[in-house]
Amino acid sequence: MKLAIDETRCKGCNLCTQVCPYRIFKEGKHPNRRGIVVPELDRPERCTNCRLRHLYGRQLCGVCQLTCPDQAIHWVEEEPYEPHKVAIEY
Amino acid sequence: MSFNEWLRQDRLPHIYCAGCGNGTIINCTLAAVDSMGWKKEDTVFVSGIGCSSRAPGYIVTDSLHTTHGRALAFATGVKMARPDLHVVVFTGDGDLAAIGGNHFIHACRRNIDLTVVCMNNQIYGMTGGQGSPTTPRGCLSTTTPYGCTEPAFDLSELAIAAGANFVARWTSYHVKELERAVKTGLETPGLSFIEALVQCPTNFGRRNKFKKVADQIEYIKAHSLLKAKRDRMLEQGEPIPEDMYVVGELMKRSRPAMGIPKKEAAP
Ligand SMILES: Cc1ncc(C[n+]2csc(CCOP(=O)(O)OP(=O)(O)O)c2C)c(N)n1
Ligand code: SF4
Ligand code: SF4
Ligand code: SF4
Ligand SMILES: [Mg+2]
């Protein structure tokens, strides 16, 4: 599973940057076509739901998705064998 | 299988301002509704007028967007005519406690089997930021330019005093807790009242020194006092600071209720 922000919905309120325990959402820097500064994702592969959703067969964490007032945060299925960047945390 | 299935995707993005807490409360309420396993045909959302009351317009089920303050009166009608339907009411502090105040206390007294979710942003958001019955003392609004001098209503205490079976208060920061409270409310026969403190950055935050939405969320978080902790403080005779909001499940009881389908009602 892959975390994604729907740029057609996000209004750039940055509430997501406040609630993720991994601080995956970072304030964005550049306005998009609609003039909205959409947050950037910092190593989203660390997200609990991305990693474990299929193993547990249910939604995990999901605090960012519930908090986002504009229903912009969602997960998309990945292609099989899509290359992964591996983040090692010490 | 998530709250997204209950939203009319063709109507999104909604018209709420950036950072408006109403969207968060809709998510949490729909997540709870989704977990009940109810059919969309058997579920009805009712609201009055206000930014908060626009919520049912974004939901796929049948809904009633009624006149200002009258959501509970219409919901009572739906429930008495068709007790088999699941009825959820979205309302705002102005809608519920100002113009709709009498409907509120009598719906609680009658203990009608509804779940009422109030998005309390402590202001009239839609009409440009006039003070509401829940605007805290000292806060600025267009009708209280020198700071509100009236004491505010505590909506949850009001619902408890008037007889609601289930009462809980959370905030737009406590999303998981809020979802759980709404679920308990949906499961509880009789009137369930869930108060959600939310931010209105445009008409409340901006006038009350919250430059960013995040600042107001930090404030709400820091001024939430868990009921369990409040009770401990009371036991030890400690004073409860006036600016704290008690959050948690505040009441759960089983007074006689109305609008419950015959087969479920006690003999
Ligand atoms: C009978 C009537 N009186 C007044 C109004 C104007 N009016 C529309 S919304 C509103 C206040 C809404 O406040 P609230 O319920 O707190 O909703 P919010 O916009 O803050 O979510 C008022 C006074 C109206 N539409 N109808
Ligand atoms: S919470 Fe939602 S709308 Fe706000 S910045 Fe994050 S993705 Fe965008
Ligand atoms: S689901 Fe949880 S861990 Fe994953 S991005 Fe959202 S808040 Fe962070
Ligand atoms: S005016 Fe306030 S309550 Fe209404 S949409 Fe804007 S932020 Fe939300
Ligand atoms: Mg309001």
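Note that this is a predicted model, so its numbers are computed, not measured.

About the cut-offs
- Residues numbered from 1 in each chain as written.
- Chains lettered and ligands numbered in written order.
- Predicted model: local features only at pLDDT ≥ 70, side-chain atom pairs only at ≥ 80, totals over all residues.
- Heavy atoms only, no water.
- Helix = DSSP H or I, 4+ residues; strand = E, 2+ residues; numbered from the N terminus.
- Rg over C-alpha atoms; globule rule 2.2 N^0.38 Å.
- Buried < 20%, exposed > 50% of the residue type's maximum accessible area, 1.4 Å probe, protein only.
- Contact = heavy atoms within 4.5 Å.
- Areas by Shrake-Rupley, 256 points an atom, 1.4 Å probe, with all protein chains shown as cover.
- Lys, Arg positive; Asp, Glu negative; His and termini not counted.
- Charge placed at Lys NZ, Arg CZ, Asp CG, Glu CD.
- Donors = N, O, S within 2.8 Å, 3.2 Å for Na, K, Ca; no water.
- Buried area = accessible area lost by both parts, 1.4 Å probe.
- Salt bridge = Lys/Arg side-chain N within 4 Å of Asp/Glu carboxyl O.
- Polar contact = N/O pair within 3.5 Å; in protein donor to acceptor, adjacent residues only side chain to side chain.
- Phe/Tyr/Trp six-rings, centres within 6.5 Å; stacked < 30°, edge-to-face > 60°.
- Lys NZ or Arg CZ within 6 Å of the ring centre and 35° of its normal.
- Pairing = 2+ DSSP bridges.
- Axes fitted to C-alpha atoms, helices over the stretch in contact; angles between N-to-C directions.
- Near = heavy atom within 4 Å.
- Nonpolar A, V, L, I, M, F, W, Y, C, P; charged D, E, K, R; others polar.
- Arc of directions from axis to C-beta.

Asks: Honestly, the overall build of chain B in this entry has me stumped. Any pointers?
Replies: Per the secondary structure count, chain B includes nine helices and eight strands. The C-alpha radius of gyration computed for chain B amounts to 18 Å, which stays within 12% of the reference 18 Å derived for 267 residues, consistent with globular compactness. Dimensions of chain B, computed from the C-alpha atoms along their principal axes, are close to 55 × 50 × 35 Å. The proportion of buried residues among the 267 residues of chain B is 53%. For chain B, restricting intrachain contacts to residue pairs at least 6 apart in sequence, the fraction spanning at least 24 positions comes to 68%. When the accessible area of chain B is evaluated, it comes to approximately 11,800 Å², of which 54% is carbon and sulfur surface. The positive charge centre, built from 30 side chains, and the negative charge centre, built from 26, are 2 Å apart in chain B.

Asks: What should I look at first to understand the coordination of the magnesium ion (ligand 5) in this one?
Replies: When a metal carries six donors in an octahedron, the ideal angles between them are 90 or 180 degrees, while four donors in a tetrahedron ideally lie at 109.5 degrees. Residue and element names in this part refer to chain B. Taken together, Asp 93 (OD), Asn 121 (OD1) and Ile 123 (O) make up the full set of protein donors to the magnesium ion (ligand 5), lying 2.0 to 2.2 Å away. Counting along the primary sequence, the residues that act as donors to the magnesium ion (ligand 5) give the motif D-x27-N-x1-I. Residue Asp 93 is found in helix α3 (residues 93-98), and its partner Ile 123 is found in the loop between β4 (115-120) and α5 (155-162); the two are separated by 30 residues along the sequence. Per residue, the accessibility class of Asp 93 equals that of Ile 123, and both read buried.

Asks: What is the right way to look at the interface of chain B and chain A in this model?
Replies: For interface size, the figure often reported is the accessible area lost on association. Chain B puts 26 residues into the contact, and the matching count from chain A is 15 residues. In total, about 1,800 Å² of surface goes out of reach between chain B and chain A, with carbon and sulfur atoms giving 55% of it. Inspection of the region where chain B meets chain A yields zero salt bridges. Linking chain B with chain A are 13 residue pairs in polar contact (both at pLDDT 80 or more), by the criterion used here.

Asks: Quick question: what am I supposed to make of the packing of aromatic side chains here?
Replies: The description of an aromatic ring pair rests on the distance of the ring centres and on the angle between the ring planes. All names here are of chain B. In total, this model carries four aromatic pairs over all chains according to the counting rule given. The interplanar angle of 65° and the centroid separation of 6.2 Å between the aromatic rings of Tyr 16 and Tyr 58 together place this pair among those described as edge-to-face. Residue Tyr 16 is located in the segment before α1 (22-35), and its partner Tyr 58 is located in the loop between β1 (43-47) and β2 (62-65); the two are separated by 42 residues in the primary sequence. With relative accessibility at 4%, the residue Tyr 16 sits in the buried group. Under the relative-accessibility criterion, Tyr 58 is labelled buried at 4%. A cation over a ring is seen here: Lys 40 above Trp 6, with NZ or CZ 4.8 Å from the ring centre.

Asks: Sorry if this is basic, but what is going on with the pattern of salt bridges here?
Replies: Oppositely charged side chains may form a pair once their charged atoms are brought near each other. Residue and element names in this part refer to chain A. Under the counting rule described, the total for this entry stands at 14 salt bridges over all chains. Notably, a salt bridge pairs Lys 29 with Glu 40, separated by 3.5 Å at the nearest N-O pair. Of this pair, Lys 29 sits in the loop between β2 (25-26) and β3 (40-41) while Glu 40 sits in strand β3; the two residues are 11 residues apart in sequence, bridging distant segments of the chain. Look at Glu 40 and you get partly exposed, because its relative accessible area is 32%. Among the charged side chains, a salt-bridge network with shared partners connects Asp 42, Arg 43 and Arg 46.

Asks: What is the right way to read the side chain of A:Arg9 from this model?
Replies: Its place among the elements puts A:Arg9 in the loop between β1 (2-5) and α1 (16-19). Overall, the relative accessible area of 11% leaves A:Arg9 in the buried class. Contacts of A:Arg9, omitting those with residues within four sequence positions, involve A:Arg34, A:Asp70, A:Gln71, A:Ala72, B:Asn4, B:Gln9, B:Leu12 and B:Pro13.

Asks: Explanation requested: the sheet that holds strand β7 (residues 224-226) of chain B in the structure shown.
Replies: Note on sheets: strands pair through backbone hydrogen bonds, and any given pair is parallel or antiparallel. All names here are of chain B. If you trace the eight strands from one edge of the open sheet to the other, you get β2-β1-β3-β4-β6-β5-β8-β7, paired in mixed fashion. Looking at the sheet topology across the chains shown, the edges are occupied by β2 and β7. Taken over all neighbouring pairs, the strand axes of this sheet differ in orientation by 20° on average, direction set aside. In this structure, β1 lies alongside strand β3 (residues 86-92), joined through five bridges in parallel fashion. Paired with Val 44 across the two strands is Val 87, which belongs to β3.

Asks: I'm lost on the site of ligand 4 in this one. Help?
Replies: Residues and elements named next belong to chain B. Neighbouring ligand 4 are Tyr 16, Cys 17, Cys 20, Asn 22, Cys 51, Asn 121, Gly 125, Cys 200, Pro 201, Thr 202 and Asn 203. Take the shell around ligand 4: its biggest share by element is three residues, from helix α7 (residues 201-205). Looking at the shell around ligand 4 residue by residue, the classes come out as six nonpolar, five polar and no charged.

Asks: How should helix α8 (residues 213-222) of chain B be read in this particular structure?
Replies: Within an α-helix, residues lying three or four positions from one another point in the same direction, as the helix has 3.6 residues per turn. All of the buried residues in α8(B) are B:Val213, B:Gln216, B:Ile217 and B:Ile220. End-on view of α8(B): buried residues confined to an arc of 100°, all on one side of the axis. Next to the buried residues of α8(B) lie α1 of chain A together with β5 (166-171), α7 and β7 of chain B.

Asks: It is not clear to me how the site of ligand 1 should be interpreted in this structure. Could you clarify?
Replies: All names here are of chain B. Not every one of the 16 residues close to ligand 1 is listed here, only the nearest: Cys 51, Ser 52, Asp 93, Gly 94 and Asp 95. Take Asp 95: an N or O atom from its main chain is 2.7 Å from an oxygen atom of ligand 1. Within the complex, 72% of the 590 Å² of free accessible area of ligand 1 lies under protein. Top contributing element to the shell around ligand 1 by residue count: α3, with three residues. Looking at the shell around ligand 1, its residues break down into six nonpolar, eight polar and two charged.

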